[in-house]
Amino acid sequence: MHISGRFAPSPTGPLHAGSVVAALGSYVHAKRAGGTWRVRIEDVDRTREIPGAASQQLEQLGVLGFHADGDIVRQSDRGHLYQDALNALIAQDRAFECHCSRTDLIAQGGIHRHCVAGQRRPDPAWRLRVPAQCTIQFEDVLRGSQSQRVDECVGDFVLKRSDGHWAYQLAVVIDDAAQQITEVVRGADLLDSTARQRLLQQYLSLPTPTYLHLPLLLDDEGKKYSKSLNSEAITAVNATRHLQQAWQILGQEAVPDDAQLPVEIWLQRAIDRFEVHRIPTDSVQA
Ligand code: GLU
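In this text the structure is predicted, and so the values were computed from the model without any measurement. (Residues numbered from 1 in each chain as written. Predicted model: local features only at pLDDT ≥ 70, side-chain atom pairs only at ≥ 80, totals over all residues. Heavy atoms only, no water.)

Peer 1: Break down unusual backbone geometry for me, citing the residues and quoting the values.
Peer 2: Excluding glycine, a negative phi dihedral is what most residues carry, and trans is how most peptide bonds are arranged. Residue Asp93 is not a glycine yet carries a positive backbone phi of 60 degrees. Looking at the secondary structure, you find Asp93 in the loop between helix 3 (79–91) and strand 4 (95–98). (Helix = DSSP H or I, 4+ residues; strand = E, 2+ residues; numbered from the N terminus.)

Peer 1: Got a sec to walk through the site of the ligand? Specific residues and values, please.
Peer 2: Contacts to the ligand come from Arg6, Ala8, Pro9, Ser10, Glu42, Tyr168, Val172, Arg186 and Leu190. Contact distances for the ligand include 2.6 Å between a nitrogen atom and a side-chain N or O atom of Glu42. The side chain of Tyr168 places a nitrogen or oxygen atom 2.7 Å from an oxygen atom of the ligand. For the shell around the ligand, the residue count by class is 5 nonpolar, 1 polar and 3 charged. (Near = heavy atom within 4 Å. Polar contact = N/O pair within 3.5 Å; in protein donor to acceptor, adjacent residues only side chain to side chain. Nonpolar A, V, L, I, M, F, W, Y, C, P; charged D, E, K, R; others polar.)

Peer 1: Just give me the short version of the side chain of Gln201, but keep the residues and values in it.
Peer 2: Its location among the elements puts Gln201 in helix 7 (residues 194–203). Looking at Gln201, its side chain comes within polar contact range of the side chain of Tyr211, at 3.0 Å. In contact with Gln201, not counting residues within four places along its chain, are Val173, Leu206, Pro207, Thr208, Pro209 and Tyr211. (Contact = heavy atoms within 4.5 Å.)

Peer 1: Could you give an account of the pattern of salt bridges, naming the residues involved and the relevant values?
Peer 2: Under the criterion given, the structure shown has 17 salt bridges. Here Glu42 makes a salt bridge to Arg40, at a shortest N to O gap of 3.0 Å. On the basis of relative accessibility, which here comes to 9%, the residue Glu42 falls in the buried class. One salt bridge connects Glu152 with Arg149, and the closest N-O pair in it is separated by 3.5 Å. Shared partners join several salt bridges into a network, and the residues in it are Arg6, Arg40, Glu42, Arg78, Asp175 and Asp176. (Salt bridge = Lys/Arg side-chain N within 4 Å of Asp/Glu carboxyl O. Buried < 20%, exposed > 50% of the residue type's maximum accessible area, 1.4 Å probe, protein only.)

Peer 1: Kindly report on the sheet that holds strand 5 (residues 125–128), identifying the contributing residues and their values.
Peer 2: Pairing between sheet strands relies on hydrogen bonds along the backbone, with the strands arranged either parallel or antiparallel. Here 3 strands make up an open sheet; going across it, the order is 4-5-8 and the pairing antiparallel. Two strands in the sheet have a free side with no partner beyond their single neighbour: strand 4 and strand 8 (158–160). The mean angle between the axes of side-by-side strands here comes to 40 degrees, regardless of whether they run parallel or antiparallel. In this structure, strand 4 lies alongside strand 5, joined through 4 bridges in antiparallel fashion. Note that in strand 5 the partner of Ala95 across the bridge is Leu128. Contacts from helix 3 reach strand 4, strand 5 and strand 8 within the one sheet, and its direction differs from that of strand 8 by about 125 degrees. (Pairing = 2+ DSSP bridges. Axes fitted to C-alpha atoms, helices over the stretch in contact; angles between N-to-C directions.)

Peer 1: An account of the layout of surface pockets is needed here, citing residue identities and associated values.
Peer 2: Approximately 180 Å³ is the volume attributed to the second largest pocket. Together, 16 residues line the second largest pocket, and Ile181, Thr182, Glu183, Thr208 and Pro209 are the ones closest to its centre. It is helix 6 (residues 168–178) that contributes the most residues to the lining of the second largest pocket, 3 residues altogether. (1 Å grid on protein atoms, 1.4 Å probe; cavity = no way out; pocket = protein on both sides within 12 Å on 5 of 7 lines; lining within 4 Å. Points joined across faces, edges and corners; volume = space filled by probe spheres on them.)

Peer 1: Report on the packing of helix 1 (residues 17–32) against helix 9 (residues 263–273), specifying residues and quantitative values.
Peer 2: Axis separation between helix 1 and helix 9 bottoms out at 9 Å; the angle between their running directions is 65 degrees. Between helix 1 and helix 9, the angle falls in the class roughly perpendicular. Remark: the crossing between helix 1 and helix 9 carries right-handed chirality. Between helix 1 and helix 9, the contacting residues are Leu24, Tyr27, Val28, Lys31 and Arg32 on the first element and Trp266, Leu267, Ala270, Ile271, Asp272 and Arg273 on the second. Of the residues in the contact of helix 1 with helix 9, the class split is 7 nonpolar, no polar and 4 charged. (Parallel < 35°, antiparallel > 145°, perpendicular 65-115°, else oblique. Left-handed = near helix turned anticlockwise from the far one by under 90°.)

Peer 1: So what's going on with helix 2 (residues 53–63)? Residues and values would help.
Peer 2: Among all positions of helix 2, only Ala53, Ala54, Gln57, Gln60 and Leu61 are buried. Taken down its axis, helix 2 places every buried residue within 125 degrees of arc, on the same side. On the buried face of helix 2, the contacting elements are strand 1 (4–7), helix 1, strand 2 (36–41) and strand 3 (73–74). Looking one or two places after helix 2, you find Gly65, whose phi comes out positive at around 90 degrees. (Arc of directions from axis to C-beta.)

Peer 1: Report on the sheet that holds strand 2, specifying residues and quantitative values.
Peer 2: The sheet built from 3 strands is open, its strands ordered 1-2-3 with parallel pairing. Each edge of the open sheet is held by one strand with a lone partner, namely strand 1 and strand 3. Here strand 1 pairs with strand 2 via 4 bridges, running parallel. Each bridged residue has a counterpart across the sheet, and for Arg6 the counterpart in strand 2 is Arg38.

Don't take any of this as a statement about function, it's just geometry.
Encoded structure:
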């Protein structure tokens, strides 16, 4: 079977130490297996997008020596595919139009179990109907058996938002299938989303990739690392240092780095040394 991995940044700012961990982890995991590695810009949420961030991220990936196989895909070009998937779910009576507001759902702990909207709104959302007792189980390559009661933990989740934006959960499932991704390697903050994605794959009869959730990099306050607070911007001069830092977070044995290797050669050495079982599962403080 041909292996294909991917890195799927949201263009909400420049890549930072946490994103380098996800890029490197997904890259070496796919390349070690002789697979391809794709890049997808997850710009489905236009409200969070920082203008120019996507091109900056692609430039930074180049500086780090990551070269994507195939074309770079942008979710903003793919609304028609998400609409087709929503139509298929509507036809199966698994998706429904929802007029509930956040305030309406407070009494249910913010979880949608059935519609409680006081009034119809001009801009309804679309949600997936999650059946009672809906347990999704899957194996994480690193963390072993995982299970989530989707109806209890998440409820009927949003597929298309009331502001007209497609939800990440739907877009990611459609794109992973369309791009024939066989392994999803990403940060542990998305472990909790995987059951929803597996459920959508079942309903849409899509293949299920394997999942591996990498250790999360935390900032000084113990929150998911999101800004380059203490870290320097990635440049050609410090690229290897950024890679080494991510490599260490991935628990791997140091890559010999004699005489400032070109990043591509450093990466090849990393691929040769990569051992998946060395990756820790605990979060790491930056
Ligand atoms: N776009 C997501 C992010 O930047 C990653 C989604 C994924 O890998 O499934 O956090």
